[in-house]
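Below are the chains, spelled out letter by letter.
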Amino acid sequence: MGKRYAMVIDLRKCVGCHACQVACKSENNVPLGVFRNWVEELETGKFPNVSRHRLPRLCNHCENPSCLNVCPVKATYQLEDGTVLVDYDRCIGCKYCIAACPYDARFINPERNTAEKCTYCHERLEVGLQPACVNTCISGARVFGDINDPNSEIAKIIATNAVTVSKPETNNRPQTYYIKADEKALRPNLLEIVTGGEK
Amino acid sequence: MSTVHFFNTPHQIYWGLLIALYFFYTGLSAGSFILTSLGTVFGIEKYKKVSKVGVIMAIILLAFAPLHLLFDLAQPGRFLNLFTSVNPTSAMSWGIYLLILYPVVLMFYAWYLFRQDMVNGLDKGGMKASIYKFLLFGKKDMSEAAKANDKKKQKIFGTFGVPLALLVHGYTGFILGNVQARAFWHTPLMPIIFLMSAMVSGTGLFIIVLMLVEKFKFGKLGDDIKALISDMANLMKWFILVDGTLMVIYFIVLWYSGESGYAAGYFLLHNEGWSFLGLENILGLLVPFLLMLSKKARKNIPLVVLSSILTIIGVLAMRINLVIGGQKLPLTGSKIIEYVASGRDITIILGIAVAAAVVLTILYSVLPMNRPGAEEKKSIPVSKGVEQ
C-alpha cells in the first residue's frame, strides 16, 4: 500500500490554546475572516453538571471527497498520498465545492479569489517538515503521518485508541481522526439550532 | 441539553440570489419552450399560433440566464476552463454543454418557424426587410417543397429541443440534489421538482408575454387567443397540482428522514414559514390553483393574469428558499447562517432583467409575428417593455 496521510487529534491533550489556528494563518497567509484550520469551543449541560469541549477542525482530506466530485473544471485534485489540493490557476470560483463540503472546510480566499482550504502544508511536507499546526501544538495533541505504515506514530495511535471522525455517515470517508471528541462537537446540534433550544 | 459555543468561526453563504435567479431563468425558458412545442412537436393545432412567441422567449431567457453565473464566479475571466476541462462527476460540468446545445437547437427551430414570414416581409422594404434579408442567409425559396421542408425541420429541431429543455432544467436539480452534505437538497425529487416548478412559472410568464405581444402586435386580444389563454390557464392548474403534490411529498419525506432532514423540515415550517408556506406554497401555488379551478375564472383575463403573476412570485420564492435556505443550516458550529443580498448582486439582477426585457421587446417588434388567424398591422405602435 502506498502512503496515506492522515491526522489524529487527541482531545485529552488539547488545551484549547488556538495556537494551531494562529500557526496556520501565519504559515499560509490566510486572510482575515477566513480559516483553513480553526478550533470550536463549546460548553454543554446546565450548572452544576457541565463540561467543556474543543474540536479543532481542518480539511479532512477525505478518501472520497465531495469537493473533488463536484468541481466542474477539475481544479480540485487528490495526490497519491491522499492530500486534496486546489489548483489556484484553474479554479473559476464557482463555489460548488464550498456548498458540497460537509465540513465547512473551504472558503473563497478574498485576495486570490479562488477556493481554498487546508493543504496539510504541502510545501512543508515536501521538504520533510510537519504541517504548521502539528509543529506548533503545545501538547502534542496533533499527530500527522502515513496511516498505511504500521510503524508510524499515527498508525499506532489509531490502532490502540478508540477514534471517531466527524459525520461518518457521509460517503466522504474523512481522514481526521479524533480521540475523545464529544459527539455534540462533531456535528451541529441542528434540532437545538432550529428550535432555539426547545428540543 | 443545551450546548453553547464559545468560539464560533464565521462561515458565510456563498451561493446567493444570483444562483437562485439563474435557476429561475432556466426554469422559465424550459417551461415556455415546452408549451410552444405542444403545437409544432406534439401536433396540437391551436398551440401553433403561439409557437413563435414562446420560442423567442425561451431563447432570450436562456441566453441571459448564465450571465448570473458569470457574475457570480470569483474568477469570471476563467469561465472558458469549463469547456477545456470536463469533470463527468460534476453536474455543473454537464450543464455547460446543455447551456450551449439547447439555445443553438432552439435557434434553428426558431429560424424554420420564422423563415416563410421573413421572406414575405422582404417586399415591404425598410430596415426590417434588410434585417430579414440578413437573417435569411439567402434561403428565399418559397416553393411547396421548401415549405414542407420548413415544417419537417421545425418538427426535428423541436423534437430535439424538448428533451434538451427537460435536461437543461433537470440538471440544475442535480446540482443541488447531488450534494449529500445538505439534507435540504439531497433528494432524488429535486430534478423533478425543478422541472414541474419550471412548467408552472414558464406557463405563468408565457401567458403574460403572449398577451402583451398580441396586444401590441395586433392591437387586441383575439377571441382565439383568449380561448387559448384559458386553455393554458387550465394546463397551469394541472402543473400546479403536480408541483404542489411534489412539494408535499418532498416535505413529508424530509420530516421523516434523519435528524438533519427533520431539522430542515422544521426550519422550513417555522423559521422560514413566512416565505416557504406563505409566499411559496399558499400565495404561489394554492391561491392560483383555487382560482383556476373554476372555468369561469379561467375565462376572466385579469384573474388569469393575477394567477400567472402569483405563480411567478411563488416559484421565485421557491428557488430562493431552496438555494439560500439550504445553506442557512450550519454544517459545523451552532448558528444559523444569515444571508444578506449585496447591493452588487441586486444591481446585477435588475440589470439583467431590464436587458432581457429590452432585447425581448426589440425582437418581438422586429420579427414577423404573423400567426394563423392574425396578420400584423401595417404600422406597429411603439411597444412598452415586457415585464420579467
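Residues numbered from 1 in each chain as written. Chains lettered and ligands numbered in written order. Predicted model: local features only at pLDDT ≥ 70, side-chain atom pairs only at ≥ 80, totals over all residues.

A.B. asks: Got a minute to help me understand the sheet that holds strand S9 (residues 163–164) of chain A in this structure?
C.D. replies: Two orientations exist for strands paired in a sheet by backbone hydrogen bonds: parallel and antiparallel. The strand order S8-S1-S10-S9 (chain A) describes an open sheet built from four strands, whose pairing is mixed. The sheet terminates laterally at strand S8 (142–146) and S9 of chain A, the two strands that pair on one side only. (Pairing = 2+ DSSP bridges. Helix = DSSP H or I, 4+ residues; strand = E, 2+ residues; numbered from the N terminus.)

A.B. asks: Whenever I open this one, the sheet that holds strand S3 (residues 49–58) of chain A confuses me. Can you help?
C.D. replies: Read from one edge to the other, the open sheet built from three strands follows the order S3(A)-S2(A)-S1(B), with strand pairing classed as antiparallel. Unpaired on one side and paired on the other, S3 of chain A together with strand S1 (3–7) of chain B mark the two borders of the sheet. Here the strands of the sheet are splayed against their neighbours by 25° on average, with no regard to which way each runs. Note that strand S2 (residues 37–46) of chain A and S3 of chain A share ten bridges and pair antiparallel. (Axes fitted to C-alpha atoms, helices over the stretch in contact; angles between N-to-C directions.)

A.B. asks: Please clarify how the nonpolar core should be interpreted in this entry.
C.D. replies: If you look at soluble globular proteins, the nonpolar side chains tend to sit buried side by side. Residue and element names in this part refer to chain B. Ranked by size, the top nonpolar core spans 164 residues in total, and within it Ile56 and Leu61 carry the most contacts. Per element, the largest residue contribution to this core is 15 residues, and it comes from helix H1 (residues 17–40). Of the domains in this structure, domain 1 (13–178 + 342–370) and domain 2 (181–339) are the two that each give at least three residues to this core. Leave out the neighbours within four places in its chain, and Leu61 touches Tyr25, Leu28, Ser29 and Ala356. (Core = buried A, V, L, I, M, F, W, Y, C linked by C-beta atoms within 7 Å. Buried ≥ 20, exposed ≤ 12 C-beta atoms within 10 Å, placed from the backbone. Domains from an automatic or database assignment. Contact = placed C-beta atoms within 7 Å.)

A.B. asks: Looking at this structure, I do not really get the confidence of the model for chain B. What am I missing?
C.D. replies: For residues with low pLDDT, the predicted coordinates do not support detailed interpretation. All names here are of chain B. For chain B, mean pLDDT is 90; residues scoring 70 or higher make up 96% of the total. Predicted confidence is poor over residues 379–384, with pLDDT under 50, and the contacts of this stretch with residues over four places away or in other chains come to seven contacts. Across the whole predicted complex the pTM is 0.93, and at the interface the ipTM reaches 0.91. (pLDDT = per-residue confidence, 0-100.)

A.B. asks: Explain the domain arrangement of chain B to me, please; I cannot follow it from the model alone.
C.D. replies: By a widespread convention, an interface's size corresponds to the accessible area lost as its parts come together. Residue and element names in this part refer to chain B. Domains assigned within chain B are domain 1 (13–178 + 342–370) and domain 2 (181–339). For domain 1 versus domain 2, the separation of C-alpha centres amounts to 22 Å. The interface of domain 1 with domain 2 comprises 31 residues on the first partner and 35 residues on the second. Counting residues per element, the ones that place at least two in the side of domain 1 that touches domain 2 are H1, helix H2 (51–72) and helix H6 (144–177).

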